[in-house]
Amino acid sequence: MSGAALGIEIVVVFFLALFLLHRYGDFRKQQRMVLFGTLLAWYLCFLIVFILPLDVSTTIYRQCKVYQEKHAAVVTVGPLPSNQTMANSSVTATPSIPKPCYKPWSYIPDGIMPVFWRVVYWTSQCLTWLLLPFMQSYARSGGFSITGKVKTALIENAIYYGTYLLIFGSLLIYVAVHPEWHLSWYELQTIGITAANTWGLFLLVLLLGYGLVEIPRSYWNASRRGHLLVKTYFKAAKLMTEKADAEENLEDVMEEVRKVSELIKYNHQLRKYIDTILRKCPTDYQEKMGRNMDDYEDFDDKQNTYPTEKNLVKLHKQVIYAVQRHNRTRVQWQMLLQQAIHLEDVARNESSSAHQFTHSFPSTEPPGWVSRYLYTPTIEWYWECLLKQWFYRLLSVVLTLFSVAVVWSECTFFSTRPVLSLFAVFIQLAERDYNYLYIEMACFVTIFFLCTCVYSTVFRIRVFNYYYFASHHQTDAYSLQFSGMLFCRLTPPLCLNFLGLIHMDSAISQQQKLQTAYTSIMGSMRVLSFIANGFYIYYPMLIVILCIATYFSLGTRCLNLLGFQQFMGDNELTSDLIDEGKELIRRGESHDTKRQRTEDGENRRREWDERYGKQREDYSARNRSTYSEMKETNYSDTATPVNTNRQAKYSRAGSRAERDCVELLQDAEPLDFNADTLTDDPLDANSTRHAGGRYLSMSSSQSRIFDDV
């Protein structure tokens, strides 16, 4: 199994990152460069999180081997001096005869992890500080060529990169003018890593303090279906306002595009840029603008003021933004409407005595294997109306205990004697018995919970409409790449903070222990002792204040005072928005009812055509052949009695079933509704026309040849 666990996790993490990117991004419409950069950033960050527990277990095994070698040397040479006892190299008291070291199942050979961490870390840092900012500007640019987009991106990032170069150059000059400072390349590298991790830790504590409280509370609120339904109504009112604003913005931009499109005709040199802009517009707007266009016009004969290429680049950027925002709000409204309908269905089914879940708008598609055998209406009722809320409450309690443990450990992880950090206690208890599986699982669960709190907060952040994460493929390129930048900057300090919680970082715990391969890549923090002994230890304590502020919703109250409507139960404006959202959902349900009726009618018509299409064709062919025979008979034998001809002309099947079938298939031929008389029973033997009107082949102009019979 040597190295097999590493390879398996590398593959699994890749598909996890690909799945998340597919959920938020759009593989068909967004640029390949944007998708690749975001995927690579997410993949590297998730890889660090999943591989770090293997590094911890491997380090514990190596430390055990080192301790055995030292113990063997003590037995051979004799006792060491008191200041070099083995007790100084271990956190806990160890027996005189050490236990045998068992190689973990996920052991990674020496030399692999340092190279692996070096490649992953420096690649992620190049992405977050160099490539992703450039790709952000490139994706937002409205240029019509690659050269134009690159030029725009370089201009926008000139200040960004220039600031970094200025700071770095100032530091180098400051070091050069102090001859007592002799910093090597390794120490300069460590200073750069420390500066990046310090910036990341500053933002990490802010996001972690919010997530530790909000994630357990969100699951607790999800168990309160009445609260969740009311909040959905509130979201509906706010989203409808945003949706109306997006539609109005799109109309204004499309009007500007229409004016420019009518001004610049097909023989103008800027027409190719107009065509590029039109391809980004919605289909219905493209058709409207296409109908109003002339094929050719001599623009030289008119004294018109034409826009410049720079103006068209700006218009192109506005079109991309307006169309993406309009599509996002439209999809979000449909998803929110479905969520509200589902919550209303749950509230209605709670009082059902049949214990079978019924939907207001059942799916038109045939039920699958899962719906027929596993997730039946009875099981769905028990899950939605009974078990789901208790499951969410239990999960909320478990997450709350995790949050309390994290807050306590963040405030006490610097204490090594006694060990107060709960996660360090758990790891050291497992380390005594060399239970590597428990060590890896405990490390993975802990770091996964920390990452969930931080990353979910990144997904929830919204900076107006510039940075906004929306599921169902509605996240724009700028937000995707900005999230990749944040992940790459937050993950390294988060992992170092986790290693400090379990006392595996000697720079913080001040213990003579074997370092992990990940810590060795970060460099020794003792180069900047005021950061290692000050900021890294005391700044995480600020998480207590942030958790208290999040629990009492101080941020929400401040935003509400500034005019940004937030969901607050004791607010009059919130109540008005809830009532408005409820009315909007009701209108949306009536619209969905009409749409479903139309779809049901189309489905029934389609099933009818599939079932009786062949029979209709057979009946049509038999009708035409019958008429031909009747026509030949009437021309060849005019002396036939009237009653006989009439019987031959209107002879039809005697069975009632066939008459019913004929009645249903009455539109087999094109009909002429210019007949003079209509009968109630089209299949009556005394009727003078077929059902639904006279056949075109037996119209009144041709039927007069039988008047003398």
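Residues numbered from 1 in each chain as written. Predicted model: local features only at pLDDT ≥ 70, side-chain atom pairs only at ≥ 80, totals over all residues. Heavy atoms only, no water.

Enquirer: Hey, could you run me through the overall build of the chain in this one?
Expert: What the chain contains, in helices and strands, is 23 helices and four strands. Every one of the 709 residues in the chain was classed for burial, and the buried ones make up 42%. In the chain, the proportion of contacts linking residues at least 24 apart, taken out of those at least 6 apart, comes to 77%. (Helix = DSSP H or I, 4+ residues; strand = E, 2+ residues; numbered from the N terminus. Buried < 20%, exposed > 50% of the residue type's maximum accessible area, 1.4 Å probe, protein only. Contact = heavy atoms within 4.5 Å.)

Enquirer: Explain the UniProt feature "coiled-coil region" (unreviewed entry) in the chain here, please?
Expert: Sequence positions flagged by UniProt for "coiled-coil region" (unreviewed entry) are, in local numbering, residues 236–263. Overall, residues 236–263 shows 100% helix and 0% strand. The separation of its end C-alpha atoms is 40 Å. (UniProt positions renumbered as here; feature names shortened; annotations may be inferred.)

Enquirer: Just to check I follow, could you spell out the pattern of salt bridges for this structure?
Expert: Side chains that carry opposite charge are capable of pairing whenever their charged atoms lie near each other. Under the definition given, this model contains 14 salt bridges. Residue Lys-243 pairs with Glu-247 through a salt bridge whose shortest N-O separation is 2.8 Å. Of this pair, Lys-243 and Glu-247 are both found in helix α6 (residues 225–263), four residues apart, which corresponds to roughly one turn of the helix. In this structure Lys-243 comes out as buried when scored by relative accessible area, which is 15%. On the accessibility criterion, Glu-247 (31% relative accessible area) is partly exposed. One salt bridge connects Lys-388 with Glu-384, and the closest N-O pair in it is separated by 3.7 Å. (Salt bridge = Lys/Arg side-chain N within 4 Å of Asp/Glu carboxyl O.)

Enquirer: Got a minute to help me understand helix α11 (residues 377–412) in this structure?
Expert: Residue pairs spaced three or four apart in an α-helix point in one direction, given the helix's 3.6 residues per turn. For α11, which comprises 36 residues, the first-to-last C-alpha distance of 51 Å matches the rise-based estimate of 52 Å (1.5 Å per residue) to within 8%. The sharpest bend along α11 measures roughly 55 degrees and falls at Leu-387. (Expected span 1.5 Å × (residues − 1). Bend = angle between axes of the 7 residues up to and from the residue.)

Enquirer: Looking at this structure, how should I read the side chain of Asp-476?
Expert: When you line up the elements, Asp-476 lands in the loop between β2 (467–468) and α14 (477–501). No salt bridge is formed by the buried Asp-476; the nearest opposite charge belongs to Arg-328, separated by 5.8 Å. In this structure the side chain of Asp-476 is engaged in a polar contact, spanning 2.6 Å, whose partner is the side chain of Ser-479. Filtering out sequence-adjacent residues up to four positions away, Asp-476 remains in contact with Gln-30, Gln-324, Tyr-466 and Tyr-468. (Lys, Arg positive; Asp, Glu negative; His and termini not counted. Polar contact = N/O pair within 3.5 Å; in protein donor to acceptor, adjacent residues only side chain to side chain.)

Enquirer: Even after reading the chapter, I still don't get helix α5 (residues 185–222), so can you show me in this structure?
Expert: The terminal C-alpha atoms of α5 lie 53 Å apart, and with 38 residues this matches the ideal 56 Å at 1.5 Å per residue to within 8%. Where α5 bends most, the angle comes to about 25 degrees, and this point is Gly-211.

Enquirer: Is there a simple way to think about the environment of Cys-443 in this case?
Expert: Tracing the sequence through the fold places Cys-443 in helix α13 (residues 436–460). Cys-443 sits in the buried class, given a relative accessible area of 1%. For the pair Cys-443 and Phe-498, spaced 55 residues apart in the sequence, the C-alpha separation amounts to 8.7 Å. Non-local contacts of Cys-443, meaning those with residues more than four positions away in its chain, are made with Pro-53, Val-56, Ile-427, Phe-498 and Ile-502.

Enquirer: Sorry, what's going on with unusual backbone geometry here?
Expert: For residues besides glycine, phi is generally negative; the peptide bonds are generally trans as well. Cis geometry marks the peptide bond from Arg-417 to Pro-418; its omega dihedral reads 5 degrees. One non-glycine residue, His-473, adopts positive backbone phi at about 65 degrees. Structurally, the position occupied by His-473 is in the loop between β2 and α14.

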